[in-house]
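A structural walkthrough
Listed here are the chains, written in short residue letters.
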Amino acid sequence: MQSRMQAKGLSAGYNGEKVFRELDLDIPEGKITTLIGSNGSGKSTILKTLCRILSPDSGYVYLDGEAIHKMPTKLVAQKLALLPQGAQTPSGITVNDLVEYGRFPYRSSLGGLSVQDREIVGWALASTNMTELSHREMGELSGGQQQRAWIAMALAQKTELLFLDEPTTYLDISHQLEILYLLRKLNRENGVTVVMVLHDLNHAIMFSDYLVAIKNGRLFASGTPTEIITPQTLREVFDVEAEVINHPILNVPVCLPYRTTEQKEFMEKGGETER
Amino acid sequence: MKRAHKHYLIPLVLLLLIAMGVLLSVNSGYARIPYPTVFQSLLHPSSGEASVVVIQFRLPRIVLSLLCGMGLALAGCVMQTVTGNPLADPGILGINAGAGFAVMLFLAFFPSLHTRTMVFQPIFAIAGGLCTTGILYLFAKRRGKLHPAYFLLGGVGLAALFSSFMLIMASNMDNSSYQIVARWLAGNIWGTSWYQVKTLLPYLLLLVPILFARMNVLDILTLGENPALALGVRVERERRILLFASVALTSVCVSVSGGIGFVGLVSPHIARRVIGGRHRALMPVSMLFGALMLLLADTLGRSAFQPREIPVGIVISVLAAPYFLFLLRKRF
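Cut-off values and rules
- Residues numbered from 1 in each chain as written.
- Chains lettered and ligands numbered in written order.
- Predicted model: local features only at pLDDT ≥ 70, side-chain atom pairs only at ≥ 80, totals over all residues.
- Helix = DSSP H or I, 4+ residues; strand = E, 2+ residues; numbered from the N terminus.
- Rg over C-alpha atoms; globule rule 2.2 N^0.38 Å.
- Buried ≥ 20, exposed ≤ 12 C-beta atoms within 10 Å, placed from the backbone.
- Contact = placed C-beta atoms within 7 Å.
- Pairing = 2+ DSSP bridges.
- Axes fitted to C-alpha atoms, helices over the stretch in contact; angles between N-to-C directions.
- Core = buried A, V, L, I, M, F, W, Y, C linked by C-beta atoms within 7 Å.
- Domains from an automatic or database assignment.
- Nonpolar A, V, L, I, M, F, W, Y, C, P; charged D, E, K, R; others polar.
- Expected span 1.5 Å × (residues − 1).

Right, let's talk about the overall build of chain B for a bit. Across its full length, chain B carries 14 helices and 2 strands. Radius of gyration (C-alpha) of chain B: 20 Å, near the 20 Å computed for a compact globule of 332 residues. Overall, chain B is about 65 × 55 × 35 Å in size when its C-alpha atoms are taken along their principal axes. Relative to its 332 residues, chain B shows a buried fraction of 48%. At a minimum sequence separation of 6, the contacts of chain B that also span at least 24 residues come to 75%.

Written as structure tokens, this is what we have:
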């Protein structure tokens with residue numbers, strides 16, 4: 001397995017309190033990797049530390065063999081893009097403006113956009129189906145369109161690694177699928193390595209080549225969705241009892257949770273039998 | 001209207017309005033001077049009474065209000081972006097009051113330096129402004145990070161504190177000093193000589209380019225901390241530079257203009273509505289709005305209630321406060 005990014009003995013957190021510790025992780029190149037885990041397990045913090053938004057308390061993240069937290073930050077921004085969770089949309093800018101911001105890592109402090117910059121902005125808009133909306137104000141767009149614009153901005157960074165923290169939150173089901181298919185297209189057609197955090201397990205299974213399960217700030221298991229998604233892991237990682245069946249159309253595992261493990265223990269001690 | 005056209009048209013219209021404002025302003029005031037005489041004295045400065053009034057009193061005052069308007073508007077624009085709060089303004093953040101308090105301390109305790117007032121006054125103002133910012137910075141820093149909301153709250157508190165310090169000190173002063181303080185608090189272009197223009201200009205020439213050189217960074221900062229970090233902006237460092245440069249800019253302006261509020265708040269707001277949020281256009285257009293606003297307000301205050309003069313700060317507040325309330329109601 002080829003890998004351009006590795007985490008070695010990585011620990012980080014906020015105010016001296018470690019959110020995750022001793023993480024060793026390889027991000028496979030050209031694949032889609034998704035971090036899964038319950039709320040507060042440390043997924044988002046791990047993603048932020050991998051993208052050098054957060055400094056590690058100990059350990060290293062290597063990008064092409066170099067420690068990422070020691071590299072010039074603009075250079076990192078030319079190699080990896082991050083779409084953070086719940087980014088605020090500034091007022092008074094158009095979609096095109098936002099996507100142009102993605103060229104920031106390549107610009108001098110005063111310089112305008114080069115011809116090449118403009119071409120890349122055009123490509124990013126086209127890839128996300130935003131060309132027609134490019135002169136609309138961000139504030140006028142729907143949640144799904146805004147999210148697509150943000151992804152276009154990340155694409156305009158022209159990086160080979162793309163990190164996304166819950167890119168489908170607050171979107172309805174059709175927009176969720178639209179974003180996820182877009183990411184798959186970028187991965188398959190442009191060879192972009194995608195690393196993301198997703199809350200919806202079945203989406204994680206459908207769209208990922210690799211899953212990384214995090215429990216209480218530690219790596220619990222990693223592997224292909226078929227390897228990871230078993231009733232056993234779901235119980236351990238998410239504290240739920242679930243059936244895992246085969247998707248009749250896509251031929252991937254589908255998980256059907258039916259109760260929490262706590263409820264099960266309660267019932268086994270002679271509680272109500274109602275499911 | 002197409003965006004590209006807008007970017008040329010709006011600054012052009014503003015420049016025209018400013019030019020008209022200057023013409024209006026030259027002619028209005030305690031002594032009404034007919035235009036032929038005005039032009040005559042501009043082209044051929046003589047020792048005639050009208051010429052002296054125009055060249056030695058009116059013109060520097062006009063230039064000062066234009067420069068201060070630009071400076072305050074630009075500082076307000078940058079502060080709004082850096083704190084991520086559309087309500088940020090040098091006045092609200094207490095910078096005006098802090099700088100004013102320092103100027104007052106200077107007037108009260110270093111009378112020996114008075115003869116070189118114009119050299120030391122801006123320096124004291126900057127010191128006062130930066131001290132205020134330092135206190136705010138400490139106050140707003142939670143767990144190693146700057147919290148914009150606390151920044152604003154702290155500023156409101158400090159503004160009130162420094163204003164009351166100034167009044168307390170002023171009550172122990174002789175009458176003429178008290179007058180100065182009262183006028184300062186109301187916001188008044190009290191300098192009416194070229195000397196003050198010369199004092200202000202070097203600071204503007206230093207600070208304005210520092211801020212303009214960061215227009216791309218300012219654009220990115222509007223996205224919020226994490227996206228800015230992800231795009232390779234060294235957020236804390238840039239915030240500090242921008243904040244201190246804009247505070248210094250405010251302080252020097254305020255040291256000659258008095259505590260004028262609202263210019264830094266309202267001009268960027270109007271500018272953002274007409275030209276959008278890109279700093280490349282937003283900063284110059286805000287500056288033009290600020291200049292126009294201060295010029296018109298000063299002209300109005302000078303001529304509307306003759307022979308009395310209303311301080312420009314009061315005129316601005318009277319005009320801008322309702323507009324701002326209207327904005328708040330509409331936007332939030």
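This part is about the sheet that holds strand β2 (residues 17-28) of chain A. Residues and elements named next belong to chain A. With antiparallel pairing, 4 strands are arranged side by side in an open sheet as β2-β1-β4-β5. The strands lining the two open edges of the sheet, one partner per strand, are β2 and β5 (66-67). Along the sheet face, helix α1 (residues 43-50) touches β1 (3-14), β2 and β4 (58-63) and points at about 120 degrees away from the line of β1.

Below, the discussion takes up the environment of Leu292 of chain B. Residue and element names in this part refer to chain B. By the secondary structure assignment, Leu292 is in helix α13 (residues 279-303). Along the chain, Leu292 and Val38 lie 254 residues apart, while their C-alpha atoms are 21 Å from each other. Setting aside anything within four residues of it in sequence, one finds Leu292 in contact with Leu14, Leu17, Ile18 and Gly21.

Let us now look at the nonpolar core. Where a protein is soluble and globular, its nonpolar side chains tend to be buried together. Ranked by size, the top nonpolar core spans 173 residues in total, and within it Val99, Ala152 and Phe163 of chain A together with Leu74 of chain B carry the most contacts. It is helix α3 (residues 49-83) of chain B that provides the largest number of residues to this core, a total of 16 residues. Mapped onto the domain boundaries, this core takes at least three residues apiece from domain 1 (3-228) and domain 2 (229-275) of chain A. Excluding residues that lie within four positions of it along the chain, Val99 of chain A makes contacts with Val121, Ala124, Leu125, Ala149, Ala152, Met153 and Ala156 of chain A.

So, about the interface of chain B and chain A. At the interface, 20 residues of chain B touch 23 residues of chain A. Counting only elements with at least two residues in the side of chain B that touches chain A, the list comes to α9 (215-221) and α10 (225-230) of chain B. With 4 residues, the single largest contributor to the side of chain B that touches chain A is α10 of chain B. Residue composition of the side of chain B that touches chain A, grouped by class: 7 nonpolar, 7 polar and 6 charged.

What follows deals with the pairing of strand β9 (residues 210-215) of chain A. Residues and elements named next belong to chain A. Along β9, 5 of the 6 residues are buried, which leaves the element largely enclosed by surrounding structure. In terms of strand pairing, strand β3 (residues 32-36) meets β9 through 4 bridges, oriented parallel. Bridge pairing links Leu35 to Val212 in β9. Here β9 folds back onto strand β10 (residues 218-223), and the loop between the two strands holds 2 residues, one of which, Asn216, carries a positive phi near 45 degrees.

Here the focus is the domain arrangement of chain A. Residue and element names in this part refer to chain A. Taken domain by domain, chain A holds domain 1 (3-228) and domain 2 (229-275). Computed from C-alpha coordinates alone, the two centres of domain 1 and domain 2 are separated by 30 Å. Among the elements of the structure, α7 (201-207), β9, β10 and α8 (225-228) are those that each provide at least two residues to the side of domain 1 that touches domain 2. For the side of domain 1 that touches domain 2, the element with the highest residue contribution is α7, accounting for 4 residues. When grouped by side-chain class, the residues that make up the side of domain 1 that touches domain 2 number 8 nonpolar, 4 polar and 1 charged.

An α-helix turns once every 3.6 residues. As a result, residues three or four positions apart point the same way. For helix α8 (residues 194-212) of chain B, which comprises 19 residues, the first-to-last C-alpha distance of 26 Å matches the rise-based estimate of 27 Å (1.5 Å per residue) to within 8%. For α8 of chain B, the set of buried residues is Gln196, Thr199, Leu200, Tyr203, Leu207 and Leu211 of chain B.

Residue and element names in this part refer to chain A. The sheet built from 6 strands is open, its strands ordered β6-β7-β8-β3-β9-β10 with mixed pairing. This sheet does not close on itself; its edge strands, each paired only once, are β6 (80-83) and β10. Adjacent strand axes in the sheet meet at a mean angle of 15 degrees when their direction is disregarded. When β6 meets strand β7 (residues 161-165), the two strands line up parallel, connected through 4 bridges. Residue pairing in the sheet places Leu80 in a bridge with Leu161 of β7. On top of the sheet, helix α9 (residues 231-238) reaches β9 and β10; it is set at about 40 degrees to β9, its chief contact.

A word on the environment of Val119 of chain B. Within the secondary structure, Val119 of chain B sits in helix α5 (residues 117-140). Expressed as a C-alpha distance, the spacing of Val119 of chain B and Phe139 of chain B, which sit 20 residues apart in the sequence, is 31 Å.

Here we take up the environment of Glu238 of chain B. All names here are of chain B. Topologically, Glu238 is positioned in helix α11 (residues 235-257). Residues Glu238 and Leu221 lie 17 residues apart in sequence; the distance between their C-alpha atoms is 9.1 Å. Filtering out sequence-adjacent residues up to four positions away, Glu238 remains in contact with Arg214, Val217, Leu221 and Val233.

Residues and elements named next belong to chain A. A positive phi is found at Asn216, a non-glycine position, where the angle reads about 45 degrees. Mapped onto the fold, Asn216 is located in the loop between β9 and β10. Residue class for Asn216 comes out partly exposed when judged on the 14 C-beta atoms lying within 10 Å of it. Positioned with a positive phi, Asp239 is a non-glycine residue whose angle comes to about 55 degrees.

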